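Structural characterization, general
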Amino acid sequence: MNILILGSGGREHALAWKIAASPLTDKLYCAPGNAGIAQEADCVALDLADHTAVIAFAKEKKIDLVVVGPEAPLCAGIVDDLEAAGIKAFGPSKWAARLEGSKGFTKDLCKANNIPTAAYQRFKGAGAAKDYVRKKGAPIVVKADGLAAGKGVVVAETVKEAEEAIDMMFGGGLGQPAWEIVIEDCLVGEEASFFALCDGETAIALASAQDHKRVGDGDKGPNTGGMGAYSPAPIMTAAMEKRVMDEIVLPTVRALKHAGAPYKGVLFAGLMITDKGPQLIEYNVRFGDPECQVLMLRLMSDLVPALVAARDGQLKNFDLRWYDDAALTVVMAAKGYPGAYGKGSVIEGLDAAAQVEGVEIFHAGTIFDKTRADGKRILANGGRVLNVCARGKSVREAQARAYAAVDRITWPEGFCRRDIGWRAIAHEQAT
Ligand code: AMP
């Protein structure tokens, strides 16, 4: 098969690594890709917002399957456009991608189908929203509808904080004024991410993970896209996974099919495991980044037939095998991230780092140094730059291997958290 991956981050590098290893893959392309992905695929400079250009490329290269990494092209309907042009694509349609694109849509779907989630109301204006907050009290959660790159959620500890968040969101504080916000009860428990592969009709469980959103050790400092992750999440026992499939994922797949917009692709459920059981915090319509990286390390089966089966509606009776090992990834970011950061600093020692047992390094934001004759030197080109990943018999072993590799990388302008996996390691020690 000729396969085209869309995206340029660590998630897409992990997908490229796994897809390139499949005996079914003849030729692999990635648009736009990065310096790490270039080891696995031919990188092509396509603008993902230009669907016509993506379709023209796919036709020219006789692409058999397009795998869409990030949410923006999915919400913009790239799968619909590719399929309309006769090109098979893995990912949800624009309509189904509203599970991530619109919090109000998802909350209403949960309510109509008895899917456990925090009690909520939708608001189009600040006055009624503030009245509701005053009536409910704090803590309370304020969310802007629409994609906000992880910045559209405020967990308010006080009514005043919630009122300020309402004014900020309707006042354009997120770039443009929110057209709608959702206010919901604050859930208490432990968070976990859960992934399922869906074919429009049914779904199979992939694996669970936990990520680290805050920039600093001890979960301090501002939120980021994710500074590290590990899989599996200890809280997601087999019994809990079954509950999540039965109470959350499968009812969602059935509801979308019933609504005439079957969901195909990866469904990423952000969960709060409360003392009443799993509750849905949010859906994403693609693999998490950096969760995908640890999932791909743990997946023993070939990914390509699974993606094709999901696209073709053939997941019933499909089985995926996983390594029992844990996997962990440490994100190395440019100093200053998630605020302003520099680009173009030199990264060395990657080959030596990759020699550490069980280690795989995925690139998230790198380019080749074009000023060098051999063009092989790697430069930082983003906020999150590298994912140093490792497998191990335990999260503790995976963590030790990942940090041993981090310590072989010479990049003075970069930093990482030093405590990725702390919760799972504490759990391992306790049991
Ligand atoms: P989201 O973008 O919806 O994933 O929200 C970002 C983060 O806000 C989540 O990972 C949670 O830590 C937190 N959060 C969102 N909704 C709630 C809620 N209802 N109760 C408690 N925490 C929440």
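Residues numbered from 1 in each chain as written. Predicted model: local features only at pLDDT ≥ 70, side-chain atom pairs only at ≥ 80, totals over all residues. Heavy atoms only, no water.

Time to look at empty space enclosed by the protein. A full pass over the atoms with the stated rule returns 1 cavity of 30 Å³ or more. When its volume is computed, the largest cavity comes out at roughly 50 Å³. Around the largest cavity, the lining residues are L15, V67, V68, G69, L74, F90, G91, P92, V266, V285, R286 and F287. Split by residue class, the lining of the largest cavity holds 9 nonpolar, 2 polar and 1 charged. (1 Å grid on protein atoms, 1.4 Å probe; cavity = no way out; pocket = protein on both sides within 12 Å on 5 of 7 lines; lining within 4 Å. Points joined across faces, edges and corners; volume = space filled by probe spheres on them. Nonpolar A, V, L, I, M, F, W, Y, C, P; charged D, E, K, R; others polar.)

Moving on, we get to the site of the ligand. Near the ligand you find 14 residues, and of these E184, D185, L187, E191 and E282 are the closest. A distance of 2.6 Å is found between a nitrogen atom of the ligand and a side-chain nitrogen or oxygen belonging to E184. Here E191 contributes a side-chain N or O atom positioned 2.4 Å from an oxygen atom of the ligand. When the ligand sits alone it has 470 Å² of accessible area, and the protein chains cover 82% of it. (Near = heavy atom within 4 Å. Polar contact = N/O pair within 3.5 Å; in protein donor to acceptor, adjacent residues only side chain to side chain. Areas by Shrake-Rupley, 256 points an atom, 1.4 Å probe, with all protein chains shown as cover.)

What follows is about the packing of aromatic side chains. Using the criterion set out here, one finds 7 aromatic pairs in the structure. Taking 5.4 Å as the distance between ring centres and 85 degrees as the angle between the ring planes, the aromatic pair formed by W95 and F105 counts as edge-to-face. With W95 in the loop between strand 5 (89–90) and helix 5 (98–101) and F105 in helix 6 (residues 103–112), this residue pair connects regions lying 10 residues apart in the sequence. Of the residues examined, W95 reaches a relative accessible area of 37% and is grouped as partly exposed. Residue F105 is classed as buried on the basis of its relative accessible area, which comes to 14%. Among the aromatic residues, those joined into a cluster by ring pairs are F195, F268 and F287. Geometry around Y29 places K27 over its ring, the cationic atom sitting 5.6 Å from the centre. Seen from the ring of W95, R98 lies directly overhead, with NZ or CZ sitting 4.3 Å from the centre. (Phe/Tyr/Trp six-rings, centres within 6.5 Å; stacked < 30°, edge-to-face > 60°. Helix = DSSP H or I, 4+ residues; strand = E, 2+ residues; numbered from the N terminus. Buried < 20%, exposed > 50% of the residue type's maximum accessible area, 1.4 Å probe, protein only. Lys NZ or Arg CZ within 6 Å of the ring centre and 35° of its normal.)

Okay, the sheet that holds strand 8 (residues 153–156) next. If you walk across this open sheet you meet the 4 strands as 6-9-7-8, and the pairing is antiparallel. With partners counted over all chains shown, the strands left at the sheet margins are strand 6 (120–123) and strand 8, one partner each. Neighbour-to-neighbour, the strand axes of this sheet turn through a mean angle of 20 degrees, independent of strand direction. Across 5 bridges, the pairing between strand 7 (residues 140–144) and strand 9 (residues 181–185) is antiparallel. (Pairing = 2+ DSSP bridges. Axes fitted to C-alpha atoms, helices over the stretch in contact; angles between N-to-C directions.)

With that settled, consider the packing of helix 1 (residues 10–20) against helix 11 (residues 303–312). Interaxial distance between helix 1 and helix 11 falls to 8 Å at its minimum, and their mutual angle equals 105 degrees. Regarding the angle of helix 1 to helix 11, the classification is roughly perpendicular. Residues L15, K18 and I19 of helix 1 form the contact with helix 11, whose participating residues are L303, V304 and L307. In the contact of helix 1 with helix 11, the residues fall into 5 nonpolar, no polar and 1 charged. (Parallel < 35°, antiparallel > 145°, perpendicular 65-115°, else oblique. Contact = heavy atoms within 4.5 Å.)

A word on the pairing of strand 17 (residues 326–334). Across the 9 residues of strand 17, 9 count as buried, placing the element largely inside the fold. Burial along strand 17 is two-sided: A326, L328, V330, M332 and A334 and A327, T329, V331 and A333, pointing in opposite directions, are all buried. Bridge count for strand 14 (residues 228–231) against strand 17 is 4 bridges, and the pairing is antiparallel. Counted as the bridge partner of A229 is T329 from strand 17. Strand direction decides the pairing type here: strand 17 and strand 22 (residues 384–392), joined by 8 bridges, are antiparallel.

Now for the environment of G200. With respect to the secondary-structure elements, G200 resides in the loop between strand 10 (190–199) and strand 11 (203–211). Residue G200 is classed as buried on the basis of its relative accessible area of 4%. Placed 112 residues apart in sequence, G200 and D312 show a C-alpha to C-alpha distance of 9.0 Å. Leaving out residues up to four positions away in the same chain, G200 has contacts with V253, K257, P262, Y263 and K264.

All right, on to the pattern of salt bridges then. For the structure on display, the rule yields 31 salt bridges. With a shortest N-O distance of 2.8 Å, R11 and E12 are connected by a salt bridge. Take R11 and E12: they sit in the same class, and that class is buried. Put simply, E83, K88, R311 and D312 are held in one network by salt bridges that share partners. (Salt bridge = Lys/Arg side-chain N within 4 Å of Asp/Glu carboxyl O.)

What follows concerns the nonpolar core. Ranked by internal contacts, the top residues of the largest apolar core, which has 51 residues, are L4, L6, V66, L99, M236, V249 and L271. Ranked by residue count, the leading element in this core is helix 9 (residues 238–258), at 8 residues. Discounting chain neighbours no more than four positions away, the residues touching L4 are Y29, C30, A31, V54, F57, I63, L65, V66 and V67. (Core = buried A, V, L, I, M, F, W, Y, C linked by side-chain atoms within 4.5 Å.)

Here the focus is the side chain of S231. With respect to the helices and strands, the residue S231 is situated in strand 14. By relative accessible area, which is 0% here, S231 ends up buried. Polar contacts involving the side chain of S231 include one to the main-chain carbonyl oxygen of S208, which spans 2.6 Å. Among the polar contacts made by the side chain of S231, one reaches the side chain of R298 at a distance of 2.8 Å. Not counting the four nearest positions on each side in its chain, S231 is found in contact with A207, S208, A209, V294, L295, R298, A326 and A327.

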